[in-house]
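Survey of secondary and tertiary structure
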Amino acid sequence: IRRQLKSFLRQAGEEDTVIVFGAGHGVRDADGEYYFLTSDATPTDPYAGISRHDIEKLVTWSGLRARRKVLLLDTCHSGAGSADSETRARGAEPLFPQEHVNQIIEGQGGGTYILAASSDGGAALEADGNGLFTAGIIAALNGAGDSNGDGNVSVEELRAFVVGFVEEKTEGRQRPTFPLVEGGDDFPLASTN
């Protein structure tokens, strides 16, 4: 992961869009730190897995030139970290004062989005071989997320569609969260034409 950040993702230019998708198993350790479980990590010993810090860095690293960055994480416990879950895992509420958001938009445009399948303590449910969060993303990008009919699915349309899709399919038992929304400038992710 660290190698790809510096060798592959750093190649993205300013006008490129970086989208990182991860699906699998995620756990929290005794201190509430999130780990994406790799093949040599276990729920009781997650430290061989990938830390939240390393995963988020794929879209938050200051060395990235791309102005539009999205991390989609379909695992249990993938919401905001425990240290700041009260302030960050509030769904689509603003995470920064409006004047800070305005400075980001004026300075670089685009934005950085982290969309998580669940809260920091929640499960990511599955059906028909996919996580429901993943199924919602696929449906949205295949056109169901184009709520305004302009032929594109934007990051904000994706967010809205996936939340509704997952909450409907799970009857409210799973609620996607947005641990990071920085920049707030909506941008297209896929064309439906």
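Residues numbered from 1 in each chain as written. Predicted model: local features only at pLDDT ≥ 70, side-chain atom pairs only at ≥ 80, totals over all residues. Heavy atoms only, no water.

1. Let's talk about the packing of aromatic side chains
Applying the stated criterion across every chain, the model contains three aromatic pairs. If you follow R52 out to its NZ or CZ, it ends over the ring of Y34, 5.3 Å from the centre. Geometry around F178 places R159 over its ring, the cationic atom sitting 4.5 Å from the centre. (Phe/Tyr/Trp six-rings, centres within 6.5 Å; stacked < 30°, edge-to-face > 60°. Lys NZ or Arg CZ within 6 Å of the ring centre and 35° of its normal.)

2. Quick look at the packing of helix α5 (residues 132–144) against helix α6 (residues 155–169)
One can describe the packing of α5 onto α6 by two numbers: an axis separation of 9 Å at closest approach and a directional angle of 130°. In terms of orientation, α5 lies oblique with respect to α6. The two elements α5 and α6 meet at a crossing, and its hand is right-handed. Residue-level contacts link L132, F133, A135, G136, I137, A139, A140, L141 and A144 of α5 to L158, F161, V162, F165, V166 and K169 of α6. Its residues assigned to classes, the contact of α5 with α6 comprises 13 nonpolar, one polar and one charged. (Axes fitted to C-alpha atoms, helices over the stretch in contact; angles between N-to-C directions. Helix = DSSP H or I, 4+ residues; strand = E, 2+ residues; numbered from the N terminus. Parallel < 35°, antiparallel > 145°, perpendicular 65-115°, else oblique. Left-handed = near helix turned anticlockwise from the far one by under 90°. Contact = heavy atoms within 4.5 Å. Nonpolar A, V, L, I, M, F, W, Y, C, P; charged D, E, K, R; others polar.)

3. Let's talk about the environment of F161
Tracing the backbone through its elements, the reader meets F161 in helix α6. When its relative accessible area of 22% is taken as the criterion, F161 is described as partly exposed. Each C-alpha atom, one on F161 and one on G136, is 7.2 Å from the other, the two residues being 25 residues apart in sequence. Ignoring any residue separated from it by four or fewer positions in sequence, one finds F161 in contact with G136, A139, A140, A144 and G145. (Buried < 20%, exposed > 50% of the residue type's maximum accessible area, 1.4 Å probe, protein only.)

4. What to know about the sheet that holds strand β3 (residues 34–36)
Spatial strand order, β2-β3-β4: three strands in an open sheet with antiparallel pairing. The two strands at the open ends of the sheet, each matched to only one other strand, are β2 (26–28) and β4 (50–51). Pairing of β2 with β3, which is carried by three bridges, proceeds in the antiparallel orientation. When the sheet's bridge partners are listed, G26 is paired in β3 with F36. (Pairing = 2+ DSSP bridges.)

5. Description of the confidence of the model for the chain
For the chain, per-residue confidence averages 83 on the pLDDT scale, and residues scoring 70 or more make up 84% of the total. Residue range residues 81–109 is modelled with pLDDT below 50. Its contacts to residues more than four positions away, or to other chains, number 40 contacts. (pLDDT = per-residue confidence, 0-100.)

6. Focus on the nonpolar core
Ranked by internal contacts, the top residues of the largest apolar core, which has 19 residues, are V70, L72, Y113, L115, F133 and L158. At the level of elements, β5 (68–74), β6 (111–116), α5, α6 and β10 (177–182) are the ones that each hand at least two residues to this core. Here this core gets six residues from one element, more than from any other, and that element is α6. With near-sequence residues (within four places) excluded, L115 lies in contact with V70, L71, L72, L73, F133, L158, R159, T177 and F178. (Core = buried A, V, L, I, M, F, W, Y, C linked by side-chain atoms within 4.5 Å.)

7. Observations regarding unusual backbone geometry
A positive phi is found at H77, a non-glycine position, where the angle reads about 60°. Structurally, H77 is set in the loop between β5 and α3 (85–88). Residue H77 is classed as partly exposed on the basis of its relative accessible area, which comes to 23%. The backbone of E171 shows a phi angle near 50°, a positive value even though the residue is not glycine.

8. Focus: the pattern of salt bridges
All chains considered together, the criterion is met by six salt bridges. Across the pair R2 and D54 runs a salt bridge, and its minimum N-O distance is 3.2 Å. Here R2 is found in helix α1 (residues 2–7), whereas its partner D54 is found in helix α2 (residues 52–60), with 52 residues between them in sequence. Residue classification places R2 among the exposed positions, given a relative accessible area of 59%. Linking R159 and E156 is a salt bridge whose minimum nitrogen-to-oxygen distance equals 3.1 Å. (Salt bridge = Lys/Arg side-chain N within 4 Å of Asp/Glu carboxyl O.)

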